[in-house]
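Observations on the model geometry
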Amino acid sequence: MVPSNTHHSVILWFHDLRALSKGSLSRVRPARRSAEPHGAPRAARGRSGQAPRNLGAPEPWCWARGRRGGAGWGGPRGAGAGARRDRGRDRERDRGWERERERELSRERPRGPGQAEMYAGLQELGVANGEDLKETLTNCTEPLKAIEQFQTENGVLLPSLQYALPFLDLHGTPRLEFHQSVFDELREKLLERVSAIALEGKVEERYKKLEDLLEKSFSLVKMPSIQPVVMCVMKHLPKVPEKKLKLVMADKDLYKACAVEVKRQIWQDNQALFGDEVSPLLKQYILEKENILFSNDISFLQNFFSPSPKTRRQGEVVQKLTQMIGKNVKLYDMVLQFLRTLFLRTRNVHYCTLRAELLMSLHDLEISEICTVDPCHKFTWCLDACIREKFVDNKRARELQGFLDGVKKGQEQVLGDLSMILCDPFAINTLALSTIRHLQDLVGQDTLPRESPDLLLLLRMLSLGQGAWDMIDSQVFKEPKMEAELITRFLPLLMSFVVDDHTFTVDQKLPSEEKGPIPYPSTIPEAFTKFLQENRIACEIGLYYILHITKQRNKNAFLRLLPALVETFSDLAFSDIFLHLLTGNLTLLSDEFALEEFCTSLFDGFFLTACSRKENVHRHVLRLLLHLHHKVAPAKLESLQKALEPTKQSGEAVKELYNQLSEKLELRKPSPAEVTETPSMELPLPTVPTPASR
């Protein structure tokens, strides 16, 4: 807050600055500090030749004018008039001190060690401040006259105010409040004018005006009341002078206060500082994704892949990063480099999701400066439409293939970014679901996988996405070769599973006398297990097929293939995304959890094999039991509770989930029945003597 004795000075500076913004400033008002009011206009002087008091200035000591006998400042002074004046002055002074103290307590901030430095810029502009008044009062012989002169020289020089301000006094309105309102109004007008300058006239002319405004106002950038004006000018300048950028960057408070448009100019030449700003957002993004995967709300209808791409792009992190980048290609490249580095360091595929979401967020805002220079833009745009539909149709498949085939020699590095976009879990999910759907269609058409170009393209993109980490790590930008056995052996094997399911389903619908002795196959071909262990693409497709049959409530097919999940390529069957989807689909088989055979196969044969070595599996099992514990047989539930008890090395998340499960199980236990002896309702019959005994 500007001290009361500098408000009127700064208001004058505002008038000059507004005039400069309009290009009509012909002079700069000098600050006068002499003890004599030689600069006051003659017409505005009092009856005795002295300058009139209170031309828009606050009254720190509130000296009084004579109210009776016509005695005013500079009027005839009798003994009675002088006494009355002294008494009135004392009373007004006391009231003034009380008002000042109340304002200090309620409105002003405590002055820090940098206050002197904060207002030092006023002197550079020739505007008087509190230090000038202090110096004047220290060196003068007539303090009241010096104060009056200071008010005259630095007040709002409108002749009509000398009559209006006493009217405010009658209403108890402090001069500080008046000057503050004028100050705020001028500041708002100036902010509007600066914004208007940034849009009008020729580019060179308007930027020249803004640069002049910045040069005149920058010395006051540390004054809280003036700072918004300086920041507004800098915001509208496409290139702030480097010297001023360095001053802003060196001051933590100024850096925090400046607009993101100014920060972009700082960041583009300071990658470390930009990294410090981006890093917390990237951590927040990964944490948000993990929270969704480990959410206690389990449902096959709402899962990790349910939100549409456009909905996901409205997330806080993506929007903040989009705003930070703006139209700056250099900052966009920096963010992509951060994402590549973190992806290589952590193998976390959510960074690939963010890479695609960020590009499409800029696409939504029509930031052509970036979209036109990113070679992955059109490919990502087409793939985004496929993700929205959760299926790759024939038309879009041709477009995607055209982009892949269009990578020219010498531009192979584009494959690194394309592979990262295809490694996005939402892209993998769409490609895998489309592959399963194509296989089902091929069964009905009696067509082999190698005869379907669309299926081969899906496999090509899956292979490119799954090989993203290896490609970026090795810097060998070449599409990985697909193994022929994946197409000639593994996919036909999956199609045979589909045929087995159809055959068994049709057999079950036949009348009992026409049913043949065809039990559901219970063995797994050894080749299927081997493919899941050794081939990443085969493993991904196999896992999505198991999710598919689980969603179809096909218990027989699920129990048949479940043992093959114990050992898979890079333990993909125990990844968070697969387990999140599997636990959601298992809610469709909730009635099967009452069967001992089903629970033994699922928990003992699959989940518990990895609980001790993978904490994420432990968490997913507890999530599932929290949702379906009431369906599990009591004896089995008790054994599972013992097997899932956390160890000392277990994380807090596991312990919290286990405690929640234990509390729910305690509530389900029946309370012991109180056994109380009920009094007998039978009364003893009295003995009656027989006649023989008489």
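Residues numbered from 1 in each chain as written. Predicted model: local features only at pLDDT ≥ 70, side-chain atom pairs only at ≥ 80, totals over all residues. Heavy atoms only, no water.

Looking at the overall build of the protein
Secondary structure summary: the protein contains 34 helices and zero strands in total. A burial count over the protein gives 46% of its 694 residues as buried. (Helix = DSSP H or I, 4+ residues; strand = E, 2+ residues; numbered from the N terminus. Buried < 20%, exposed > 50% of the residue type's maximum accessible area, 1.4 Å probe, protein only.)

A short note on the pattern of salt bridges
Per the counting criterion, the structure on display carries 30 salt bridges. A salt bridge links R355 to D417; its shortest N-O distance comes to 3.8 Å. Of this pair, R355 sits in helix α18 (residues 350–364) while D417 sits in helix α22 (residues 414–422); the two residues are 62 residues apart in sequence, bridging distant segments of the chain. In this structure R355 comes out as buried when scored by relative accessible area, which is 1%. Counted as one network, the salt bridges with shared partners bring together R340, R355, D374 and D417. (Salt bridge = Lys/Arg side-chain N within 4 Å of Asp/Glu carboxyl O.)

Regarding the packing of aromatic side chains
Taken as a whole and assessed by the stated rule, the structure comprises 17 aromatic pairs. Here the aromatic residues F558, F574, F593, F598, F603, F606 and F607 are joined through ring pairs into a cluster of three or more. Directly above the aromatic system of F218 lies the positively charged group of K244, at a separation of 5.4 Å from the ring centroid. For K263, the ring lying beneath its charged end belongs to Y255, and the centroid distance is 5.1 Å. (Phe/Tyr/Trp six-rings, centres within 6.5 Å; stacked < 30°, edge-to-face > 60°. Lys NZ or Arg CZ within 6 Å of the ring centre and 35° of its normal.)

Some words on the environment of S612
Note that S612 resides in the loop between α31 (596–611) and α32 (615–628). Note on S612: relative accessible area 75%, which makes it exposed. S612 sits 38 residues away from S650 along the chain, and the two C-alpha atoms are 9.4 Å apart.

With respect to helix α5 (residues 130–139)
Spacing of three or four residues puts side chains on the same side of an α-helix, whose turn is 3.6 residues. The set of residues buried in α5 consists of D132, L133 and T136. Projection of α5 onto a plane perpendicular to its axis shows the buried side chains occupying an angular sector of 100 degrees, all on one side. The outward face of α5, more than 90 degrees from its buried face, is lined by the exposed residues K134 and T138. (Arc of directions from axis to C-beta.)

Details of the side chain of N585
With respect to the helices and strands, the residue N585 is situated in helix α30 (residues 576–586). A distance of 3.2 Å separates the side chain of N585 from the backbone oxygen of L547, its partner in a polar contact. If we skip the residues at most four places from it in the chain, N585 touches F300, L547, T550 and K551. (Polar contact = N/O pair within 3.5 Å; in protein donor to acceptor, adjacent residues only side chain to side chain. Contact = heavy atoms within 4.5 Å.)

Some thoughts on the packing of helix α14 (residues 271–293) against helix α17 (residues 329–346)
At a closest axis distance of 11 Å, the pairing of α14 and α17 adopts a crossing angle of 60 degrees. When the axis of α14 is compared with that of α17, the two are oblique. The handedness of the crossing between α14 and α17 comes out as right-handed. Between α14 and α17, the residues in contact are Q271, F274, G275, V278 and L282 and L331, M334, V335, F338, L339 and L342, respectively. Here the contact of α14 with α17 is built from residues that sort into nine nonpolar, two polar and no charged. (Axes fitted to C-alpha atoms, helices over the stretch in contact; angles between N-to-C directions. Parallel < 35°, antiparallel > 145°, perpendicular 65-115°, else oblique. Left-handed = near helix turned anticlockwise from the far one by under 90°. Nonpolar A, V, L, I, M, F, W, Y, C, P; charged D, E, K, R; others polar.)

Let's talk about the packing of α5 against helix α6 (residues 143–154)
The interhelical angle for the contact between α5 and α6, taken along N-to-C directions, is 150 degrees, at an axis separation of 9 Å. For the element pair α5 / α6, the angle class is roughly antiparallel. Viewed along their axes, α5 and α6 form a crossing whose handedness is right-handed. On α6, the residues touching D132, L133, T136 and L137 of α5 are P143, A146, I147 and F150.

Regarding unusual backbone geometry
Even without being glycine, E366 reaches a positive phi, approximately 55 degrees. Within the secondary structure, E366 is located in the loop between α18 and α19 (368–371). The exposure class of E366 is exposed, given its relative accessible area of 69%. Here the phi dihedral of D446 falls at roughly 55 degrees; this positive angle occurs in a residue that is not glycine. If you trace the backbone, D446 turns up in the loop between α23 (425–445) and α24 (453–466). By relative accessible area, which is 73% here, D446 ends up exposed.

Focus: the nonpolar core
One finds F490, L586, F593, L602, F603 and F607 to be the most contacted residues of the largest nonpolar core, which totals 103 residues. Apart from the residues lying within four places of it in its own chain, the contact partners of F490 are E485, F528, F531, L532, A538, I541 and G542. Core analysis: the second largest hydrophobic core is formed by 68 residues, F274, L321, C352 and C423 among them. (Core = buried A, V, L, I, M, F, W, Y, C linked by side-chain atoms within 4.5 Å.)

Here we look at the environment of L273
Take L273: it is sitting in helix α14. Expressed as a C-alpha distance, the spacing of L273 and M249, which sit 24 residues apart in the sequence, is 9.6 Å. Those residues in contact with L273 that sit more than four places away from it in its chain are M249, Y255, I266 and W267.

Details of the confidence of the model for the protein
Looking at the protein, the pLDDT average stands at 82 and 78% of residues meet or exceed 70. Counting interchain partners and residues more than four positions distant, the pLDDT-below-50 stretch residues 24–79 has 113 contacts. Low pLDDT, under 50, characterises residues 107–113; the predicted model gives this stretch five contacts beyond four residues in sequence or across chains. (pLDDT = per-residue confidence, 0-100.)

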